[in-house]
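Each chain, written out:
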Amino acid sequence: MLPQQEDLKLGKILKVKDIAKQYGVPAKSVIEELAGQGIEADDAENSVIPDDMIELVEMYFADLYDQDSEPAAAADKKPAKKGGKKPPAGRREEHGGDRGKGSPHKGGRPQPAAVSSARAAGGKVTLPAPIIVKALAEAVGKKPNELITDLIKLGELAGINQPISEANARKLCASYGYELEIGAAPKPAPAPAAPAKPKPEDNPANLKERPPVVTFMGHVDHGKTSLQDAVRHTHVTAQEAGAITQHIGASTVTHNGKPITFIDTPGHAAFTNMRARGANLTDIVVLVVSATEGFKPQTVEAMNHAKAAKVPIIVAINKIDLPEADPDKILLHMQQNGLTSEDWGGDVGTVRVSAKTGQGLPDLLDRILLEAEILELKANPKRRAAGAVLEAQMEVGLGPTASVLVQDGTLHVGDTILCGEHYGRIRTLINDKGERVKTAGPSVPVKVVGLSGVPEAGDRLEIFESEKAARAEAQERVAAKRGNMLATSAIATAEDLFSKLNSNNQNSLNIIIKSDVKGSGEAIAHSLAELPHEKIKAEVVANAVGPISENDISLAAATNSIVVGFHVRVNPGVNEMAKKQKVEIRLYSIIYELLEDITDALAGKLEPEKREKPIGEAKILQIIELSKGPKICGCMVESGSVRVGAKARVRRDGDLIYNGEVASLRRFKDDVKEVKAGLECGIRLDNFADFLVNDEIEIYEIELKKATL
Ligand SMILES: Nc1nc2c(ncn2[C@@H]2O[C@H](COP(=O)(O)OP(=O)(O)OP(=O)(O)O)[C@@H](O)[C@H]2O)c(=O)[nH]1
């Protein structure tokens, strides 16, 4: 069943009653529709749609009740309504009545005309090849996920929108009491209006030189940000917390009248994925190597990314202003790593620079432009834009925004775009200087405002003819993703999700990540997954963009998680709520610190390791009877010391005869706490008096050692 807790939401909350209100249908109908999609909503109108399904559910209902996509059978009955969202009167009646109870259409979705006609009265269903899971499910009145589960039992995996083998389709139909007749394959659909593909052959006359796209790569602290800063004449380094670049951005610099686009790329190993993306977008890599340190693991890793992407490398030997700089050593390291410098007769451009003094920077920019000239980089600014998302986030006042690198064509305000699963008309374009622009041509980085949601870094940007077409494609992508999820996880019901979240797994530290941009959140999750996890592991329960909110705390309380904020603030009042609900919030701006702390927290969650520490030995010399109370033994402390409260083990001829504690100690007539080696004393052992002369007493303590991962 769906969780009732609103707390499970990290952002938007969508309840059954919201959907019912929006489309003017009874909650019961919504519940039936949800059930038809494999989402149980036992708590009626207050059931909350799980976060990861909101988009899908919204699209599903928009598709179901919207005028644009109204099933033909019901469309003519549909009354006009503001916004066109009202369901047809006929349908409302259906929902109001007992329809569905006990019928194969219990899921409640009215059968689209094509499908209902496909099901003959005599238990025969007719469908065109290829047989798609969704169509077959509708035809036989099953929930798609039920059908997928049955299909898995037949050894075939398929998503909701995927085709399945005819043999298995027949077997499934037979098991549901139907006979399957496969009709002729449908005529190929008319060429889709979208995406508006660029003309395959670009008129060579339209190809124009485009700026090179350059990425600085290299080991942490070798000076990537400083170099980029120096070429941009800005001061990004000073603003970066902990002086580590945190996410990919981009900027354009003009040298000798020619623009060069630089993509920022972070240096920490955690950002490997992002760096890989950078390498795939870039024309030229500037491998930054500190003249004092030489090649380091991440230098080699960056070099390998560049080589794999077949991107030319220019080596910038940085920090040559330092007295200990040894540029020749770098030439040797280059050689050892398969990069022969021009200085040594090879073809790898090598420039000695100092981000600090500015020495060599013009040479570096000259070398970049020379490399670009050799590459003959061209694009057609007249065609429709195509590009890639560098970074995306939710921004106050702007909504979802995406930093995009236009790779071909020209992007215009008003264009309809699709990025991954999100679409929209471009409301605003903002360049790297923060200025609003109307267009962005090839190799230009630009921030796009107007998308329906936050895409993933690396998503492609495509132009569509119309918003409707872009939306349809987005729906397809979401449904395909959802279908794949269903296929791989059999049935991912809301109940599964909730029970997973609720499970208080002793072997994991549950973490909710909130970060300023998606890329950082991904990088953190990636790093957490890399932490040693033989005994315990960090489990990311949720990973979202934005400030830490009340919903995050509720989710954390429900899932026994800690909330980790990276470059985000805590909303007002949320700290208090966290205290009340005993939820721990940790804020960071430096990834190293975050990882170190989480490592400590993981270790802290483990049972400390117990270790025995010997502290002394004593030998029993005589047994002392007392007028009252149990006997005590008169001992010589032979090594270390004996302490009250310490653990004591008595051995006789090597055999263990007692294991307990030192109850009290006496020196002459006084009670004492400790007696050191070389002294005699009276020892009373806790609950034991059967000792004999010559018994050996070992005194020890149990030390608790912090567990390590
Ligand atoms: N003396 C000297 N110091 C430099 C030079 N370039 C960078 N630095 C210093 O080296 C340190 C690291 O520089 P960054 O530019 O942050 O290095 P980075 O490679 O971008 O580091 P990450 O963002 O952590 O990957 C800073 O303290 C810089 O001031 C240089 O040419 N000369």
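- An unreviewed UniProt entry lists the protein chain under the name Translation initiation factor IF-2, with Victivallis lenta given as the organism.
- The record held by UniProt for the protein chain lists under Function (unreviewed entry) the comment "One of the essential components for the initiation of protein synthesis. Protects formylmethionyl-tRNA from spontaneous hydrolysis and promotes its binding to the 30S ribosomal subunits. Also involved in the hydrolysis of GTP during the formation of the 70S ribosomal complex."

**Observations regarding the overall build of the protein chain**
Now for step 1: A tally of regular secondary structure across the protein chain gives 21 helices and 34 strands.
Now for step 2: Relative to its 709 residues, the protein chain shows a buried fraction of 49%.
Now for step 3: A separation of at least 24 residues holds for 69% of the contacts in the protein chain among residues at least 6 apart in sequence.
Now for step 4: If you sum the accessible surface of the protein chain, you get close to 33300 Å²; carbon and sulfur atoms cover 51% of it.

**Here's the deal with the packing of helix α7 (residues 133-140) against helix α8 (residues 144-153)**
How two helices pack is summed up by the angle between their axes together with the distance between the axes.
Now for step 1: Look at α7 against α8: their axes get within 9 Å of each other, and the N-to-C directions meet at 110 degrees. Relative to α8, the element α7 is oriented roughly perpendicular. Seen from α7, the contacting residues are Val133, Leu136, Ala137 and Val140; seen from α8, they are Pro144, Leu147, Ile148 and Leu151.
Now for step 2: In terms of residue class, the contact of α7 with α8 is built from eight nonpolar, no polar and no charged.

**What about the sheet that holds strand β10 (residues 313-318)?**
Now for step 1: Spatial strand order, β7-β8-β6-β9-β10-β11: six strands in an open sheet with mixed pairing. Looking at which strands have only one partner, the edges of the open sheet turn out to be β7 (250-255) and β11 (349-352). Strand after strand, the sheet turns through a mean of 30 degrees between neighbouring axes, direction not considered.
Now for step 2: Bridging between β7 and strand β8 (residues 258-263) involves six bridges; their strand directions are antiparallel. Paired with Val253 across the strands is Ile260, a residue of β8.
Now for step 3: Strand contacts of helix α10 (residues 224-232): β6 (213-218), β7, β8, β9 (284-290) and β10, with the helix running at about 145 degrees to β6, the strand carrying the most contacts.
Now for step 4: Across the sheet, helix α14 (residues 327-336) touches β9, β10 and β11, and the angle it forms with β11 is around 160 degrees.

**Considering the nonpolar core**
Proteins that are soluble and globular tend to have nonpolar side chains buried together.
Now for step 1: Ranked by internal contacts, the top residues of the largest apolar core, which has 23 residues, are Phe216, Leu227, Phe262, Val286, Leu364 and Ile368.
Now for step 2: When residues of this core are traced back to their parent elements, those giving at least two are β6, α10, β8, β9, β10 and α15 (361-375).
Now for step 3: With six residues, α15 is the single largest residue contributor to this core.
Now for step 4: Dropping the residues within four chain positions of it, Val286 is found in contact with Val214, Thr215, Phe216, Met217, Ile314, Ala316, Leu364 and Ile368.
Now for step 5: Membership of the second largest hydrophobic core comes to 22 residues, among which are Val642, Ala689, Phe691 and Ile699.

**With respect to the sheet that holds strand β23 (residues 508-515)**
Now for step 1: Spatially, β24-β23-β25-β26 is the arrangement adopted by the four strands of the open sheet, whose pairing is parallel. Two strands close off the open sheet at either side, each with one partner strand: β24 (537-545) and β26 (585-588). Each adjacent strand pair in this sheet contributes to an overall mean axis angle of 25 degrees, direction not counted.
Now for step 2: In terms of strand pairing, β23 meets strand β25 (residues 561-566) through six bridges, oriented parallel. Within β25, the position partnered with Ile513 by the bridge is Val564.

**A closer look at α10**
For an α-helix, the turn length of 3.6 residues means that residues three or four places apart are oriented alike.
Now for step 1: Of all nine residues in α10, eight are buried, a share of seventy percent or more.
Now for step 2: Three or more residues of α10 are buried, namely Lys224, Thr225, Leu227, Gln228, Asp229, Ala230, Val231 and Arg232.

**With respect to the state of the cysteines**
Now for step 1: Under the definition given, this model contains zero disulfides.
Now for step 2: The thiol of Cys635 is not disulfide-bonded; the next cysteine sulfur, from Cys633, is found 3.7 Å away.
Now for step 3: You can call Cys635 buried: its relative accessible area is 2%.
Now for step 4: Left unpaired, Cys681 is separated from the closest cysteine sulfur, that of Cys635, by 5.6 Å.
Now for step 5: In this structure Cys681 comes out as buried when scored by relative accessible area, which is 7%.

**Considerations on the environment of Gly573**
Now for step 1: Within the fold, Gly573 resides in the loop between β25 and α20 (574-580).
Now for step 2: On a C-alpha basis, the gap between Gly573 and Ser549 in space is 8.9 Å, while along the polypeptide they are 24 residues apart.

**Some points on a negative patch on the surface**
Now for step 1: Taken together, the side chains of Glu593, Glu596, Asp597 and Asp600 define an acidic patch exposed on the protein surface.
Now for step 2: With respect to the helices and strands, the residue Asp597 is situated in helix α21 (residues 591-605).
Now for step 3: By relative accessible area, Asp597 is classed as partly exposed at 31%.

**Let's talk about the packing of aromatic side chains**
Now for step 1: This model, assessed by the stated rule, comprises three aromatic pairs.
Now for step 2: Arranged with centres 5.3 Å apart and planes meeting at 5 degrees, the rings of Phe216 and Phe262 form a pair that is stacked. Of this pair, Phe216 sits in strand β6 while Phe262 sits in strand β8, and the two are 46 residues apart along the sequence. A single burial state applies to Phe216 and to Phe262, both of which are buried.
Now for step 3: Pairing Tyr658 with Phe688 gives two aromatic rings, centres 4.5 Å apart and planes at 20 degrees, and the pair type is stacked. Residue Tyr658 is found in strand β30 (residues 655-667), and its partner Phe688 is found in the loop between β33 (680-685) and β34 (696-705); the two are separated by 30 residues along the sequence. Comparing Tyr658 with Phe688, the two get one shared label, buried.

**Some points on the environment of Ile320**
Now for step 1: Mapped onto the fold, Ile320 is located in the loop between β10 and α14.
Now for step 2: For the pair Ile320 and Thr292, spaced 28 residues apart in sequence, the C-alpha separation works out to 8.0 Å.
Now for step 3: Residues contacting Ile320, with those up to four places away along its chain left out, are Ala291, Ala325, Pro327, Arg352, Val353, Ser354 and Gln359.

**Some thoughts on the environment of Asp326**
Now for step 1: By the element assignment, Asp326 lies in the loop between β10 and α14.
Now for step 2: Judged by relative accessible area, which is 32%, Asp326 ranks as partly exposed.
Now for step 3: In sequence terms Asp326 and Ser290 are 36 residues apart; their C-alpha atoms lie 9.1 Å from each other.

Conventions we followed
- Residues numbered from 1 in each chain as written.
- Predicted model: local features only at pLDDT ≥ 70, side-chain atom pairs only at ≥ 80, totals over all residues.
- Heavy atoms only, no water.
- UniProt positions renumbered as here; feature names shortened; annotations may be inferred.
- Helix = DSSP H or I, 4+ residues; strand = E, 2+ residues; numbered from the N terminus.
- Buried < 20%, exposed > 50% of the residue type's maximum accessible area, 1.4 Å probe, protein only.
- Contact = heavy atoms within 4.5 Å.
- Areas by Shrake-Rupley, 256 points an atom, 1.4 Å probe, with all protein chains shown as cover.
- Axes fitted to C-alpha atoms, helices over the stretch in contact; angles between N-to-C directions.
- Parallel < 35°, antiparallel > 145°, perpendicular 65-115°, else oblique.
- Nonpolar A, V, L, I, M, F, W, Y, C, P; charged D, E, K, R; others polar.
- Pairing = 2+ DSSP bridges.
- Core = buried A, V, L, I, M, F, W, Y, C linked by side-chain atoms within 4.5 Å.
- Disulfide = S-S within 2.5 Å.
- Patch = residues over 30% accessible without salt bridge, like charges linked within 9 Å, V, L, I, M, F, W, Y side chains within 5 Å.
- Salt bridge = Lys/Arg side-chain N within 4 Å of Asp/Glu carboxyl O.
- Lys, Arg positive; Asp, Glu negative; His and termini not counted.
- Charge placed at Lys NZ, Arg CZ, Asp CG, Glu CD.
- Phe/Tyr/Trp six-rings, centres within 6.5 Å; stacked < 30°, edge-to-face > 60°.

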